[in-house]
Amino acid sequence: MPIKNRFAELLPEITGWRHHLHENPELLYAVHETAAFVSARLREFGVDEVVEGVGQTGVVGIIRGRGVSGRAIGLRADMDALPIAEATGLPFASKIPGKMHACGHDGHTAMLLGAAKYLAETRNFDGTVVLIFQPAEEGGAGAKAMIDDGLFTRFPVDEVYGIHNAPGVPVGTFVTRPGPLQASSDEFDVIVRGKGGHAAEPHRAIDTTLVAAHILIALHSIVSRNVDPLKRVVLTVGTFATDSAASNIIPDEARMEGTVRTLDPEYRAIAEARIRQVAENTAAAFGAVAEVIWHPGYPVTVNDPDGAARAADAARAVGRGVIDDADPIMPSEDFSYMLERVPGAYVFLGNGDTPMCHHPKYTFDDEAIPYGCSFFAELVERRLPTA
Ligand code: NI
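These numbers were taken from a predicted model, which means no experiment stands behind them.

Let's shift gears to the packing of helix H2 (residues 32–45) against helix H3 (residues 105–122). For the pair H2 and H3, interaxial distance at closest approach is 9 Å and the crossing angle is 15 degrees. Comparing their axes, H3 and H2 come out roughly parallel. Crossing of H2 against H3: the hand is right-handed. Facing H2, whose interface residues are Phe37, Val38, Arg41, Leu42 and Phe45, H3 presents Thr109, Leu113, Ala116, Lys117 and Ala120. In terms of residue class, the contact of H2 with H3 is built from 7 nonpolar, 1 polar and 2 charged.

Right, dumping it as structure tokens:
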């Protein structure tokens, strides 16, 4: 086994933490019990400093190694669950109705705790390890909240790394790539105001539904006509509704909501500008008015090329296989905020044959734990070598 032997020994204990977290899922920033559990374990391991309440409910642990290099590395795990009713039937399934660790963040937290225990025991590195346990990855921008609360000024690091499990990839296989790994995710609303009226007298009205339909179709020209065919942008309108309650009414107002995903930060700005132009000017052509509300979401997750190469090297030392030139994926990830500020990389760790993340039968594979722990530990020992 290429994994570090200590993690084979620690596996029952780490798995126990994982199952405890799995039974007690918490959402967004309300990860109070989870954060308390993490802090208690870190103190038990003899971690040098444990700071709670960073970005509301985030936890930071500091482990100092030998030597005086002054270098520091950040390792991050997310702690929050999802508002999904679990359907796995596992003996340690969620005890909280309507809440489930359906994205494996319980596994991520357990793996970082395992690495913390090992690193606090061995301290076979020269520098500082900053353990980052963040709340609210699932739509709450918990990483940004921790950064805004001074994460990287209070606990400066030279590099930062994180792991997400990957259903469909064999356990023990690591997957990453240099450059964009996951998409940005912005949302927009288009509100169209025409002039309501009787369906049989359209000439006295401005048909808001018709205007909105033209806008919807024109929005789909943005990806096909304004985006370099070699770049990846997705635009989807997910809702479309009017305030009319009957077939014989021309409504006053129509509303649609959509999302834009891209792997190229430049296209976030282009998409926003074009959506505004297309909606406002198409509405104007019909004598209606369109208002666009833009909701910026998570940025593109961009791996530093050197960071990705170092992560792949560490993964090769402890894994069963490494894919270091994977295709990017379009779901977004708020570790992107950390990678915007500090070079590093995000890696996927195979989670075997299970339904996709966010499915009620999704299951984190505990066999992945020693690989994730070993990866974190290996990375620290390589990046903060002792003389
Ligand atoms: Ni996730």
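Sheet architecture is open: 8 strands sit in the order S1-S2-S4-S3-S5-S16-S6-S15, paired in mixed fashion. Looking along the sheet, the strands with just one partner apiece sit at the ends: strand S1 (49–54) and strand S15 (321–323). Taken over all neighbouring pairs, the strand axes of this sheet differ in orientation by 20 degrees on average, direction set aside. Helix-sheet contacts for H3 involve strand S2 (58–64), strand S3 (72–78), strand S4 (128–134), strand S5 (159–166) and strand S16 (344–350), and the interaxial angle to S3 is about 145 degrees. Its contacts with the sheet place helix H8 (residues 305–318) against S5, strand S6 (173–175), S15 and S16, and it is angled at close to 35 degrees to S16.

It is worth spelling out the pairing of strand S8 (residues 184–193) at this point. Where burial is concerned, most of S8 is hidden: 8 out of the 10 residues are buried. Bridge count between S8 and strand S12 (residues 253–262): 10 bridges; the pairing is antiparallel. When the sheet's bridge partners are listed, Val190 is paired in S12 with Met256. Here S8 pairs with strand S13 (residues 289–295) via 7 bridges, running antiparallel. By the bridge assignment, Phe188 is partnered in S13 with Trp294.

Next up on the list: the domain arrangement of the chain. Buried accessible area, meaning the area lost when the parts come together, often serves as the stated size of an interface. Partitioning the chain into domains gives domain 1 (5–181 + 300–383) and domain 2 (184–298). The C-alpha centroid of domain 2 is placed 38 Å from the C-alpha centroid of domain 1. With 18 residues of domain 1 at the interface, the matching set in domain 2 holds 11 residues. At the boundary of domain 1 with domain 2, total buried surface from both sides reaches about 1,100 Å², with 65% on carbon and sulfur atoms.

On to unusual backbone geometry, then. Backbone geometry at Leu28 places phi at a positive 45 degrees, although glycine is not the residue there. Mapped onto the secondary structure, Leu28 falls in the loop between helix H1 (5–23) and H2. Leu28 sits in the partly exposed class, given a relative accessible area of 36%. Although it is not a glycine, His358 adopts a positive phi angle of roughly 80 degrees. Position of His358 relative to the elements: it lies in the loop between S16 and helix H10 (369–383). Under the relative-accessibility criterion, His358 is labelled partly exposed at 40%.

On to H1, then. Quick reminder: α-helices carry 3.6 residues per turn. Residues three or four places apart thus point the same way. Under the 1.5 Å per step criterion, the end-to-end length of H1 is 28 Å for 19 residues, consistent within 8% with the ideal 27 Å. Leu11 marks the point of greatest bend in H1, at about 55 degrees, and the proline Pro12 comes within the next four residues. Listing the buried residues of H1 in full gives Phe7, Leu10, Leu11, Ile14, Thr15, Trp17, Arg18, Leu21 and His22. On its buried face, H1 is in contact with H2, H3 and H10.

Bringing the side chain of Glu86 into the picture now. Relative to the helices and strands, Glu86 is located in the loop between S3 and H3. Within the local environment of Glu86, its side chain forms a polar contact with the side chain of His22, the two groups lying 2.9 Å apart. With sequence-adjacent residues up to four places away left out, Glu86 is seen in contact with His22, Ala93, Ser94, Met100 and Pro360.

Our focus in this paragraph is the pattern of salt bridges. Side chains that carry opposite charge are capable of pairing whenever their charged atoms lie near each other. The full count for this structure, using the stated rule, is 32 salt bridges. For Arg154, the salt bridge goes to Asp149, with nearest N and O atoms at 3.8 Å. Linking Glu340 and Arg341 is a salt bridge whose minimum nitrogen-to-oxygen distance equals 3.5 Å. Given a relative accessible area of 44%, Arg341 falls into the partly exposed group.

Okay, the coordination of the nickel ion next. The textbook angles at a metal center are 109.5 degrees for a tetrahedron of four donors and 90 or 180 degrees for an octahedron of six. Those donors, Cys103 (SG), His105 (NE2) and His164 (NE2), are the protein atoms that reach the nickel ion, and they lie 2.1 to 2.3 Å from it. Each donor residue of the nickel ion belongs to the same chain, with the gaps between them written as C-x1-H-x58-H. Each member of the pair, Cys103 as well as His105, carries the same accessibility label: buried.

Quick notes on the rules
Residues numbered from 1 in each chain as written. Predicted model: local features only at pLDDT ≥ 70, side-chain atom pairs only at ≥ 80, totals over all residues. Heavy atoms only, no water. Axes fitted to C-alpha atoms, helices over the stretch in contact; angles between N-to-C directions. Helix = DSSP H or I, 4+ residues; strand = E, 2+ residues; numbered from the N terminus. Parallel < 35°, antiparallel > 145°, perpendicular 65-115°, else oblique. Left-handed = near helix turned anticlockwise from the far one by under 90°. Contact = heavy atoms within 4.5 Å. Nonpolar A, V, L, I, M, F, W, Y, C, P; charged D, E, K, R; others polar. Pairing = 2+ DSSP bridges. Buried < 20%, exposed > 50% of the residue type's maximum accessible area, 1.4 Å probe, protein only. Domains from an automatic or database assignment. Buried area = accessible area lost by both parts, 1.4 Å probe. Expected span 1.5 Å × (residues − 1). Bend = angle between axes of the 7 residues up to and from the residue. Polar contact = N/O pair within 3.5 Å; in protein donor to acceptor, adjacent residues only side chain to side chain. Salt bridge = Lys/Arg side-chain N within 4 Å of Asp/Glu carboxyl O. Donors = N, O, S within 2.8 Å, 3.2 Å for Na, K, Ca; no water.

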